[in-house]
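# Commentary on secondary and tertiary structure
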Amino acid sequence: MLLGWTGRSRRFERDALPHLPALYRMARQLVGAESADDLIQETYLRAWKYFETFESATNCRAWLFRILRNVWISRWRKNRLELPLAEAGDEQVEPYYDWEDEFLHDEMSPDVERALSELPSDYRIAILLADVEELTYEEIARVAQCPIGTVMSRLNRGRKMLARLIRTYGGARGSSPDREEFLRRKS
Amino acid sequence: MMDCKNIREIVDLYVDGELSPEATVQANAHLAECDSCRRTVDRLNRLRQAVKASVGQYQPTAQLVARVRKSTITSWLRPTIWIAAAAAMLLIAAAFSFTPQVRSAVANGLEFVAFHVEDSRATVMEGKLLCRECLLKDEYGYHALCPTRGHHGSLQTKDGKIWHILDGDASEELIHNSKLLGHTVRIHGRCFRRASSIEVDSYEVL
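What counts as what
Each chain carries its own residue numbering, running from 1 in the written order of its sequence. Throughout, the order in which chains and ligands are written sets their labels, letters from A for the former and numbers from 1 for the latter. In keeping with the model being predicted, local features are shown solely for residues with a pLDDT of at least 70 and side-chain atom pairs are shown and tallied solely at 80 or more, while totals for entire chains, interfaces and linings include all residues. Based on all heavy atoms of the structure, the side-chain values leave hydrogens and waters out of the count. Helix and strand assignments follow DSSP, with helices taken as H or I runs no shorter than four residues and strands as E runs no shorter than two, numbered in order from the N terminus. Relative accessible area decides the class of each residue, using a 1.4 Å probe on protein chains only: under 20% of the type maximum gives buried, over 50% gives exposed, and in between gives partly exposed. The contact criterion used is simple: two residues touch if any of their non-hydrogen atoms lie within 4.5 Å. Throughout, the Shrake-Rupley method with a 1.4 Å probe supplies accessible areas, and for residues the shown protein chains are the sole cover considered. Angular values range over 0 to 180 degrees, each being the angle between N-to-C directions of two axes fitted as lines to C-alpha atoms, with helices fitted over their stretch in contact. Put simply, angles under 35 degrees are roughly parallel, angles over 145 are roughly antiparallel, angles from 65 to 115 are roughly perpendicular, and the rest are oblique. Here a crossing is called left-handed whenever its near helix is offset anticlockwise from the far helix by less than a right angle, and right-handed whenever the offset is clockwise. Residue classes follow a fixed rule: Ala, Val, Leu, Ile, Met, Phe, Trp, Tyr, Cys and Pro count as nonpolar, while Asp, Glu, Lys and Arg count as charged, and any other residue, Gly among them, counts as polar. Only the six-membered ring of Trp is used, alongside the rings of Phe and Tyr, when aromatic pairs are assigned; centres must lie within 6.5 Å, and planes under 30 degrees apart are stacked while those over 60 apart are edge-to-face, with the rest tilted. Geometrically, a lysine NZ or arginine CZ counts as sitting over a ring once it is within 6 Å of the ring centre and also within 35 degrees of the ring normal. When a carboxyl oxygen of Asp or Glu is within 4 Å of a side-chain nitrogen of Lys or Arg, the pair counts as a salt bridge. Here a strand pair is declared whenever DSSP counts at least two bridges between the two strands. Definition of nonpolar core: a set of buried residues of the types Ala, Val, Leu, Ile, Met, Phe, Trp, Tyr and Cys, connected through side-chain atoms within 4.5 Å. A 3.5 Å cut-off defines polar contacts: any pair of N or O atoms within that distance qualifies, except that in protein one atom must be a possible hydrogen donor and the other a possible acceptor, and neighbouring residues in sequence count only when both atoms are side-chain atoms.

The next thing to look at is the overall build of chain A. Across its full length, chain A carries eight helices and zero strands. Along the chain direction, N to C, the helices and strands of chain A fall in the order α-α-α-α-α-α-α-α. The buried share among the 187 residues of chain A stands at 51%. Across chain A, contacts joining residues at least 24 apart in sequence account for 77% of those joining residues at least 6 apart. Summing over all exposed atoms, chain A offers an accessible surface of approximately 9100 Å²; the carbon and sulfur share of this is 51%.

This is how it looks when you write it as structure tokens:
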């Protein structure tokens, strides 16, 4: 039995632990700096518990993100009131946005973070998995447990919403008390 | 050949590298000729980079990495765990063949193991107080010592799980006051998940 555990530990260390920084980035965006450590700890405890069910030929990072999302839903999200998302096939919720405006500027990291934090969480997860972790649509669909078409829809609407929010904050740069408050809380 | 409308429809797939090779060739052909669509692709790419730069700056602390390692892989390799587990097995075996005094020692030993085999976390738990020995008697015909030693309170949470209440000043009444049995209580304390045990800081009867 001890040998079995040792082999499992070695595989866990090789396959699962290297993804901790990626999971931490996501956890921080979902629950904030104060609770990110707890979300990570619980995710890895669950991953360790069910590691035997992980198929080594598949993507361990996507498997871990799926666990993280499930832990987050069961422990954190249920405490927050969030409006349901319109999915593919529903009416367009985001006003038409044509990418024509110049919304990006230097030193915009706080604006991006604030805009991300205001996106509906399913849009935010899709964007983070695609843009930061560079997962394929198929992998994102597996993490979010939804069809690929829904992933496409979330990315399309989420990015437009994100650009619009960043542009709004950029316009109010330096004068918005909300932005000052956000920066103060961040520091 | 794609037009501007087609590009706007597939621009996310284009920047994410999800288009088929044929569609990518067609998109590239249009982009080579259209300034407006090139700007769209450029802005979307810059947005992606800005998200990556903004989120990618955060790294887990060394303490978190150590904590995760400790609670998963190394917890099963530490020899103290195996020694504690072996000691617990011996104590359990002894419990079936010796006197009530030995059973009490077994309980204390198991509590010692519970304290040392894992990290605990602060928790608030709600559930019904039930006598563990009576439950075992009803379920498995266990020879309960309740008539001579009194009942021993344990907490049953809504999911049906039975939590052992660790001995302590704050838990005295919960464990030994049989009048509380059957009542719903809320316990504030620390939870030892793998040992299915709780250490009580305070409690309230609901």
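What follows continues from the structure just given.
This next bit is on the environment of Arg164(A). Mapped onto the fold, Arg164(A) is located in helix 7 (residues 148–171). Once the C-alpha coordinates of Arg164(A) and Ala115(A) are considered, the two residues, 49 residues apart in sequence, prove to be 8.8 Å apart.

We now examine the packing of helix 3 (residues 60–75) of chain A against helix 5 (residues 121–132) of chain A. Describing two packed helices takes the angle between their axes plus the distance from one axis to the other. Residue and element names in this part refer to chain A. Across the interface, helix 3 lies against helix 5 with an axial gap of 13 Å and an inter-helix angle of 160°. The angle between helix 3 and helix 5 places the two elements in the roughly antiparallel class. Along this stretch, helix 3 crosses helix 5, giving a crossing that reads as right-handed. When helix 3 is examined against helix 5, the residues Phe65, Arg69 and Trp72 are found in contact with a partner set consisting of Ser121, Asp122, Ile125 and Leu129. In terms of residue class, the contact of helix 3 with helix 5 is made up of four nonpolar, one polar and two charged.

This next bit is on the packing of aromatic side chains. All names here are of chain A. One pass over the structure, following the stated rule, counts six aromatic pairs over all chains. Considering the side-chain rings of phenylalanine 12 and tryptophan 48, the 5.1 Å spacing of their centres and the 85° angle between planes classify their relative orientation as edge-to-face. Here the residue phenylalanine 12 occupies a position in helix 1 (residues 2–15), and tryptophan 48 occupies one in helix 2 (residues 20–49), the gap between them amounting to 36 residues. The exposure class of phenylalanine 12 is buried, given its relative accessible area of 0%. Between phenylalanine 51 and phenylalanine 54, the aromatic rings sit 5.8 Å apart at their centres with planes inclined by 20°, giving stacked as the arrangement. We classify phenylalanine 51 as buried; its relative accessible area is 0%. One aromatic cluster is present, formed by Phe12, Tyr44, Trp48, Phe51, Phe54 and Trp63 through successive ring pairs. Arginine 8 extends its terminal NZ or CZ atom over the ring of tryptophan 48, reaching a point 4.5 Å from the ring centre.

What follows covers the pattern of salt bridges. All told, the structure shown has 22 salt bridges over all chains when counted by the stated rule. As a salt-bridge pair, Arg14(A) and Asp15(A) come within 2.9 Å of each other at their nearest N and O atoms. What makes Arg14(A) exposed here is its relative accessible area of 55%. Here Asp12(B) and Arg159(A) are joined by a salt bridge, their closest N and O atoms 2.7 Å apart.

What follows concerns unusual backbone geometry. Residues and elements named next belong to chain A. Positive phi outside glycine occurs at glutamate 134, with the angle close to 55°. One can find glutamate 134 in the loop between helix 5 and helix 6 (137–144). For glutamine 145, which is not a glycine, the phi torsion comes out positive at approximately 55°. Checked against the element boundaries, glutamine 145 lands in the loop between helix 6 and helix 7.

The side chains of a regular strand alternate, residue by residue, between the two faces of the sheet. Residues and elements named next belong to chain B. Here strand 2 (residues 153–156) pairs with strand 3 (residues 162–165) via two bridges, running antiparallel. By the bridge assignment for strand 3, glutamine 156 is matched with isoleucine 162. Once strand 2 ends, the chain turns through five residues before running back antiparallel as strand 3, passing glycine 160 with a positive phi of about 90°.

Below, the discussion takes up the nonpolar core. Grouped together as the largest cluster of nonpolar side chains are 77 residues, with contacts concentrated most on Phe12(A), Ile40(A), Tyr44(A), Leu116(A), Leu162(A) and Val51(B). For this core, the element with the highest residue contribution is helix 2 of chain A, accounting for 14 residues. Non-local contacts of Tyr44(A), meaning those with residues more than four positions away in its chain, are made with Phe12(A), Ala16(A), Leu17(A), His19(A), Leu20(A), Leu23(A), Leu64(A), Val68(B) and Thr72(B). Counting 13 residues, the second largest nonpolar core, distinct from the first, contains Leu155(B), Ile165(B), Ile187(B) and Cys191(B).

We now examine the pairing of strand 3 of chain B. Here strand 3 of chain B runs beside strand 5 (residues 197–205) of chain B; their pairing, made up of two bridges, is parallel. In the sheet register, His164(B) faces strand 5 of chain B, and the bridge partner there is Ser197(B).

Attention now goes to the side chain of Arg124(A). Residue and element names in this part refer to chain A. Mapped onto the secondary structure, arginine 124 falls in helix 5. Within the structure, arginine 124 has its side chain in polar contact with the backbone oxygen of glutamine 29 (distance 2.6 Å). A polar contact of 3.1 Å, which involves the side chain of arginine 124, links it to the backbone oxygen of leucine 116.

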